[in-house]
There are 2 protein chains.
Amino acid sequence: MPLKYAIGVDFGTESGRAVLVEVATGRELATAVFPYRNGVIDGRLPAPDEDVRLGPDWALQDPLDYIRTFQNTVPNVLSQSGIDRADVVGVGIDFTACTMLPTTADGTPLCTLPEFRREPHAWVKLWKHHAAQPEADRINDVARRRGEAWLPRYGGKISSEWFFSKTLQILEEAPPIYRAADRLIEAADWVVWRLTGVETRNSCTAGYKAIWSKREGFPASEYFAELDRGLASVVDEKMSREVVPIGTRAGTLTAEAAQWTGLRPGTAVAVANVDAHVSVPASTVTEPGRMVAVMGTSTCHLVLGDRPAVVEGMCGVVEDGIIPGRFGFEAGQSGVGDIFAWFVDNAVPPEYHAMAARDGRDVHAVLEREAARLRPGESGLVALDWWNGNRSILVDVDLTGVLVGATLATRAPDIYRALIEATAFGTRVIVEAFEHAGMGIEEVVACGGLPERNPLLMQIYADVTGREFKVAASAQTPALGSAMFGAVAAGAREGGYDTILEATERMARLKTDSYRPNLANRAVYDDLYAEYVALHDYFGRGQNDVLKSLKGIRARALAGPALEAADPATEVAAS
Amino acid sequence: MPLKYAIGVDFGTESGRAVLVEVATGRELATAVFPYRNGVIDGRLPAPDEDVRLGPDWALQDPLDYIRTFQNTVPNVLSQSGIDRADVVGVGIDFTACTMLPTTADGTPLCTLPEFRREPHAWVKLWKHHAAQPEADRINDVARRRGEAWLPRYGGKISSEWFFSKTLQILEEAPPIYRAADRLIEAADWVVWRLTGVETRNSCTAGYKAIWSKREGFPASEYFAELDRGLASVVDEKMSREVVPIGTRAGTLTAEAAQWTGLRPGTAVAVANVDAHVSVPASTVTEPGRMVAVMGTSTCHLVLGDRPAVVEGMCGVVEDGIIPGRFGFEAGQSGVGDIFAWFVDNAVPPEYHAMAARDGRDVHAVLEREAARLRPGESGLVALDWWNGNRSILVDVDLTGVLVGATLATRAPDIYRALIEATAFGTRVIVEAFEHAGMGIEEVVACGGLPERNPLLMQIYADVTGREFKVAASAQTPALGSAMFGAVAAGAREGGYDTILEATERMARLKTDSYRPNLANRAVYDDLYAEYVALHDYFGRGQNDVLKSLKGIRARALAGPALEAADPATEVAAS
């Protein structure tokens, strides 16, 4: 029997990526990336409507870029690999989330219709569209007042990024668009609809982003009505109560989609998934006790459980959300790689840039090398890793970064190491929150961009948490995970697998090297962690609200009259 | 009658400086600087004894450099100005302190004798010789145990920099040097001895650095004996109980000193003074209510009072210590300009260095320009200015710097401004400590290197403290002040003045421009100051001893076994 293949397509923020994978082994034969033609739309609409400006915190996308992704990348991986398209048994996709759009009843995006093209609310709202904060605030206020039982499942707070925040913004700011939208849908589900002709709603985005649960369904109409009378029937009118567990076959490729992709019509297509969550089986994890950390600019922590639980500050818990039959818990650190990038861009003196240029390395690599020469505790520093707020466990975007212990002898590698350690302490707080909720974490499997490039960071994480850190073998776990779900959509009879557990067993691997805690380092880090926790609670739990006061003072300063007195010359007085 | 002149000689850390001043007006006619040939001796002794290495924290000087200063600078200013040497009525000197040395009975420095030349303890111990910390600790422990009444006059703590710390170190580490030292003397008094042939001990260094007071004298022999039996008679054997108020004539130039300087023998010489303290009259201040801030790498705050008082964390209070008949109070911030210098050297990215190069300015100037564009509060940051510990009011060298409020949008000018503001808050804490002790501070007169170059800093200080900041007209207040005391040593009959008050009236001036508080800025800074004080007390008064814990963790890390595990490669394990 010829070898069989599956294709995973990963829709990221700036580009889409297809990977062609051997079903029997998970071997990645070919990869192709398509940078979206219109990228992230955050200043003005694309030509010819570039005169339409977007507000602050807006972030849109062009849905046709997703179709272009299929058209470009899938034929590319087929041709690169030289395989017979008939041997591709299934396709899976994963997406950023919540990334959503309004469409007509047949799935036509409103922004592709001439009458709505110039209306920003007709476009795809990308995950990082943050303009719906007032709506999110109301969603939370009303939920708290009504004592909605679902609120604790989301750490007590719904994000401005999520589905109903964005939906409510459309309703309030663009009622004609809301009315014209027969469907409001995750882009993840929309692309599957485009591939198969079948509209499905996957349990992962519904659960993590649209307040759905397998047992309770969506929030009640009364709740939606209290937000806005027009929203009362949003689920029945524009969404669906039929939510399909991930791991299910959504349908098969239509003739049109077969033409886009070069695959044969009838190829199995999996229901959609989310990039972070689909990385879990791709990191070999299908059972409780092993945390997956998707580490990049931010870190997403995913843990499987056998029963519902409340973990302090978790982002969400969804039955069938990651692996069918399991409860998928999500937590997160909102700033990790982006803090290191901030540091390199804003606080590293020229000598290290010169060193990097001389050595032909990047500045991160030079700082890592220098920081690796320090012993744990030698920097004399401890930091709170809140440069971009705190997602778990404090769930507070208004928290900010703190650096403690600077002296005239402090050097850039000291601070760089302290920032790495701070993010490791943040991870330990999350690990301990899971354990406190009765969910033991035996080890961590890291995937994403950071683990590949930063052995010092990985060792520090192992030392700080006292857990072995393993690393997923694939550098593109989302696309691999999607291909795995594509193989499951095909099923064993068509040359795939019947369950994601079987697919994981055969297709997912770890790197052979891992990072084990060094006991001597761990003892030092236990001391430092105690200091971190004391500061974490002092600044983060209301003992001293200085971080918020500073944001308030800053906001008032910026709202004040035009600057004059900051020019010292104007205040010099003849004595 | 021809115009009369006075010469002030200021002995700094790296060089000595003479200024020739017109007695009637304070006009500075000529300046000359002599960089010490042997500079600060902190690694090994000068040739031919460079094989003798010094311990960590040692800092010595060569007393002959002081003589060379007279020989080089005084003839230079005489020749530059073209005046008749007969019209120079008096000479005054000021010095860093405590800078002290052991000599024979006739004032010969032990380090100039062949038998002691290679013995580090025979040399001048410079103010920043910090190797006597264990001795200082014992001085404080014994004083606290005995309840010595003088301890509160020094904020409860004697510094490792001071006279008896250094003396005790000589006794314990080099008993033969201690025995051979007929005299232990401040370099300030030693150079006056060299000029006049008369050994005097000035009230300023005795009071601030050697635990002397006009009413109580020195600590009791029993106290010294408890430190070390050999120290019991140190005052009577190697020092003097006759302490002369500053503003007194020490004597007149010997024939030899006249030859060094080119001045006429018999020229009046004032008793010695300390650089910071002599700046007070040179900044026009001779009365209570006006603080002098000598602002450079660190800041020294000097206030005059009518009666003794205990100001929290003051460095010292000395009757006759600054102006005869007044109590001179000293407080200080141990890190100011050096924090800004640290920041520029260690935390400013290349773009600002490039901007400075392009604009032909230094990086400080570029950062000041950018920081001036920010409104008070706009940075969102607040810092604790303890990069070099805290002198007043917490008197704790183990405190370290804290930066609070960083985000991914924080830029170098935000931090630069926050650091300036932090030092301003530190000054406000000191101003309020004086007021709390019943000593109102109406305005501040700044002198030293910082006020000249940093108008933004001066405005921020005015806004933060709510006080008008004036600036001394002279860029070299120590040398001017010394010249003023030289004129007083001469007396009115010889063409000088009879009192330092008269000399101040005529010879000292302020710049015409001053910095007045901007009320709108002050309101914002009141809010920020409240945050600063909360953090100051939290980190500085024992609520959270993390700053010290971090130093302890660091010390243990450095004392541990040789580094191995910090190399991540060694911890990677096959999984």
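For the structure, see preceding data.
Residues numbered from 1 in each chain as written. Chains lettered and ligands numbered in written order. Predicted model: local features only at pLDDT ≥ 70, side-chain atom pairs only at ≥ 80, totals over all residues. Heavy atoms only, no water.

Trainee: Please give an account of the interface of chain B and chain A that cites residues and values.
Mentor: Contact with chain B, which involves 82 residues of that partner, is made by 82 residues of chain A. For the chain B and chain A pair, buried surface summed over both sides reaches about 6,400 Å², with 60% attributable to carbon and sulfur atoms. If you sort the residues of chain B by the area they bury against chain A, Arg375, Leu408 and Leu550 of chain B come out on top, with a joint share of 11%. For Arg556 of chain B, the salt bridge identified is with Asp527 of chain A, shortest N-O distance 3.7 Å. Here chain B and chain A share 19 residue pairs in polar contact (both at pLDDT 80 or more) between them. Classifying every residue of the side of chain B that touches chain A gives 44 nonpolar, 19 polar and 19 charged. Bridge count between strand β17 (residues 401-406) of chain A and strand β17 (residues 401-406) of chain B: five bridges; the pairing is antiparallel. Pairing of Leu403 of chain A across the sheet is with Leu403 of chain B, part of β17 of chain B. (Contact = heavy atoms within 4.5 Å. Buried area = accessible area lost by both parts, 1.4 Å probe. Salt bridge = Lys/Arg side-chain N within 4 Å of Asp/Glu carboxyl O. Polar contact = N/O pair within 3.5 Å; in protein donor to acceptor, adjacent residues only side chain to side chain. Nonpolar A, V, L, I, M, F, W, Y, C, P; charged D, E, K, R; others polar. Pairing = 2+ DSSP bridges. Helix = DSSP H or I, 4+ residues; strand = E, 2+ residues; numbered from the N terminus.)

Trainee: With reference to specific residues and values, describe the sheet that holds strand β16 (residues 382-384) of chain B.
Mentor: With antiparallel pairing, four strands are arranged side by side in an open sheet as β16(A)-β17(A)-β17(B)-β16(B). At either end of the open sheet lies a strand with only one pairing partner, and these are β16 (382-384) of chain A together with β16 of chain B. Taking each pair of neighbouring strands and ignoring which way they run, the sheet shows an average axis angle of 10°. Packed onto the sheet, helix α19 (residues 519-540) of chain B meets β17 of chain A together with β16 and β17 of chain B and runs at close to 35° relative to β16 of chain B. (Axes fitted to C-alpha atoms, helices over the stretch in contact; angles between N-to-C directions.)

Trainee: Let's hear about the environment of Thr499 of chain B: which residues, and what values?
Mentor: All names here are of chain B. For Thr499, the location among the structural elements is in the loop between α17 (477-490) and α18 (500-507). According to the relative accessible area criterion, Thr499 is partly exposed, its value standing at 33%. Along the primary structure Thr499 and Glu319 are separated by 180 residues, whereas in three dimensions their C-alpha atoms are 16 Å apart. (Buried < 20%, exposed > 50% of the residue type's maximum accessible area, 1.4 Å probe, protein only.)

Trainee: How would you explain the pairing of strand β12 (residues 290-295) of chain A if you had to name every residue and give the values?
Mentor: All names here are of chain A. With respect to burial, β12 is a largely interior element, six of its six residues being buried. On β12, burial covers both faces: Arg290, Val292 and Val294 on one face and Met291, Ala293 and Met295 on the other are all buried. Sheet topology places β12 next to strand β18 (residues 443-447); five bridges connect them, and they run parallel. In the sheet register, Ala293 faces β18, and the bridge partner there is Ala446. Relative to strand β13 (residues 299-305), β12 runs antiparallel, the two sharing four bridges. Note on β13: the bridge partner recorded for Val294 is Cys300. The loop that links β12 with its antiparallel partner β13 comprises three residues.

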